[in-house]
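As a plain string of letters, each chain reads:
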Amino acid sequence: MANLQQKRSENVDGDFYVDRSCINCDTCRWMAPNIYRQEGSKSAVYHQPSNPDERIQALEALLACPTASIGTIEKPQEIKQVQSRFPLLIADNVYHCGYHSESSFGAASYLIRRPEGNILVDSPRFAPPLVKQIEQMGGVKYLYLTHRDDVADHRKFNDHFGCDKPDGIAMQRILHQDEISQSTKDVEIVLTGTDNYQLADDLLVIVVPGHTKGHTILLYDNKFLFTGDHLAWSDKEHQLIAFRRACWYSWTELTKSMAKLTNYNFEWVLPGHGRRYHADAQKMQQELVKCLEWMQEVA
C-alpha cells in the first residue's frame, strides 16, 4: 500500500497522491492522463478528480499500479465496484487486464474473450479480484507470452487455470524457445525458429526478433496486434516506435522484424510498454513506414 509519509511533494493537495516508491512505469499516466503526469523522474497527481468518471479512472490506475505507489487519504468506498470493472473493455471482445506486475516493470496484459477459449496475453499480477472476474468470463485456454520480460505471475495462473478441469481442458502457456528461462522451462507449447505459428484461424503468432532473440507478437482477427515490447505509440515522438535504449538483442534484427509487419493489416497496436494506438488499416501502414524511417535514422 502507498505510504502517506512517503507522499511526493509534487502532488497537488487532495485525496489522491503518489508516494516515492513509484518506478516511473507510466501506467497511471496513460490510464488516467487527466489525473497523473510525470514530475521529475516519477509520477505525481497534478489534478484531483473533480467528477465521478475521473475518480473511477484514478482508482483504476491505483489498482493497476505495479508497486502500489498510489494512495488515497480517505478510504475509497467504491473500491469493490472499481475492482469489478477489470478487465477493462478496449474494443470488441478485447480487454485490458490491469493489475500490472512490478516484475515486468508494469507491463500491460490483455484478455481476448473467444467462444473457443479465452487468450491471456502476457501475465498480469495474480490478483484475486481479477482472477475471479476472469473465471466468470470463462477462464483461460492459452496464456500467450510475448517474451521473457513480461511473464510475471505466469506460474500462479498456471497453478490456478492449468490444473485438470472437469471437461479435460487445462490452460496452456505459449513461449518461444529462445525466451525460456528457469522459471518458464515447463511451458506447454514451445515455439521454435522464425516461422509464424497459426494458433487458430483468427490467431497468428509472428516471430519478431530484435528486442529479444525470441520475441513474438500476436495478430488477432486481422485487427488487434499485441506487440509486447516490439512496437508502441510514443506521445513524445508522436509516432509508432521501437525501444532503442531497451533493445536487448539486435536493433538491426528489430528493424527487419518491423518491416515484416507491412505485410499484415491491423487497426490496433496493444503493447506491453508504451501507449496503445488505434487507426484504420491504411493509416496504420503509413505509421509503420514512418516508424521504419525513424528506426533507420536512429540506428
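Residues numbered from 1 in each chain as written. Predicted model: local features only at pLDDT ≥ 70, side-chain atom pairs only at ≥ 80, totals over all residues. Heavy atoms only, no water.

Our focus in this paragraph is the layout of surface pockets. Approximately 940 Å³ is the volume found for the largest pocket. Ser234, Lys236, Ile241, Phe243 and Arg245 are, among the 27 residues lining the largest pocket, the residues nearest its centre. Its residues assigned to classes, the lining of the largest pocket comprises 9 nonpolar, 7 polar and 11 charged. By volume, the second largest pocket is sized at about 440 Å³. Considering the residues around the second largest pocket, the lining is formed by 19 residues, among which Met1, Ala2, Leu62, Leu63 and Ile70 are closest to the centre. Counting residues per element, the ones that place at least two in the lining of the second largest pocket are helix H2 (52-64), strand S4 (70-72), helix H3 (79-83) and helix H4 (128-136). With 3 residues, S4 is the single largest residue contributor to the lining of the second largest pocket. (1 Å grid on protein atoms, 1.4 Å probe; cavity = no way out; pocket = protein on both sides within 12 Å on 5 of 7 lines; lining within 4 Å. Points joined across faces, edges and corners; volume = space filled by probe spheres on them. Nonpolar A, V, L, I, M, F, W, Y, C, P; charged D, E, K, R; others polar. Helix = DSSP H or I, 4+ residues; strand = E, 2+ residues; numbered from the N terminus.)

Now for the nonpolar core. In terms of nonpolar packing, the biggest core is built from 63 residues, with Tyr36, Ile70, Leu218 and Phe226 touching the most fellow members. Residue contributions to this core peak at 7 residues, all from H2. Listed in part, the 27 residues of the second largest apolar core include Leu219, Leu225, Val269 and Tyr277. (Core = buried A, V, L, I, M, F, W, Y, C linked by side-chain atoms within 4.5 Å. Buried < 20%, exposed > 50% of the residue type's maximum accessible area, 1.4 Å probe, protein only.)

Our focus in this paragraph is helix H5 (residues 154-161). Those residues of H5 that sit buried are His154, Phe157, Asn158 and Phe161. One face of H5 carries all of its buried residues, which in axial projection span an arc of 100°. The inward-facing, buried residues of H5 abut strand S8 (119-121), H4, strand S9 (142-144) and strand S10 (172-176). (Arc of directions from axis to C-beta. Contact = heavy atoms within 4.5 Å.)

Here we come to the pattern of salt bridges. Between side chains of opposite charge, a pair can form when the charged atoms approach closely. One pass over the full model with this rule turns up 17 salt bridges. For Asp15, the salt bridge identified is with Arg55, shortest N-O distance 3.5 Å. Here Asp15 is found in the segment before strand S1 (16-18), whereas its partner Arg55 is found in helix H2, with 40 residues between them in sequence. For Arg55, a relative accessible area of 21% corresponds to the partly exposed category. (Salt bridge = Lys/Arg side-chain N within 4 Å of Asp/Glu carboxyl O.)

Within the open sheet, the 7 strands sit side by side as S5-S6-S7-S8-S9-S10-S11. Their pairing is mixed. Single-partner strands in this sheet number two, and they are strand S5 (88-91) and strand S11 (189-191). With direction set aside, neighbouring strand axes in the sheet form an average angle of 25°. With 3 bridges joining them, strand S6 (residues 94-96) and strand S7 (residues 110-112) adopt antiparallel strand pairing. Note that in S7 the partner of Tyr95 across the bridge is Leu111. (Pairing = 2+ DSSP bridges. Axes fitted to C-alpha atoms, helices over the stretch in contact; angles between N-to-C directions.)

So, on to empty space enclosed by the protein. Using the criterion set out here, one finds 2 cavities of 30 Å³ or more in the structure. One number sums up the size of the largest cavity: a volume of about 90 Å³. Forming the walls of the largest cavity are 15 residues, and the residues nearest its centre are Cys22, Cys25, Cys28, Ser43 and Cys65. When grouped by side-chain class, the residues that make up the lining of the largest cavity number 9 nonpolar, 5 polar and 1 charged. Considering only enclosed or pocket space, the second largest cavity measures out at about 40 Å³ in volume. Lining the second largest cavity, in full, are Cys25, Asp26, Thr27, Trp30, His100, Gly106, Gly272, His273 and Gly274. Class assignment of the residues belonging to the lining of the second largest cavity gives a composition of 2 nonpolar, 6 polar and 1 charged.

Aromatic ring pairs are reported here in terms of the distance separating the ring centres and the angle at which the planes meet. Under the counting rule described, the total for this entry stands at 8 aromatic pairs. Ring centres of Phe86 and Tyr99 lie 5.3 Å apart, and the angle between their planes is 65°; on these two criteria the pair is classed as edge-to-face. With Phe86 in the loop between H3 and S5 and Tyr99 in the loop between S6 and S7, this residue pair connects regions lying 13 residues apart in the sequence. This pair shows no difference in class: Phe86 is buried, exactly as Tyr99 is. Ring centres of Tyr220 and Phe224 lie 6.0 Å apart, and the angle between their planes is 20°; this geometry places the pair in the stacked category. Assigned by exposure class, Tyr220 and Phe224 land together as buried. (Phe/Tyr/Trp six-rings, centres within 6.5 Å; stacked < 30°, edge-to-face > 60°.)

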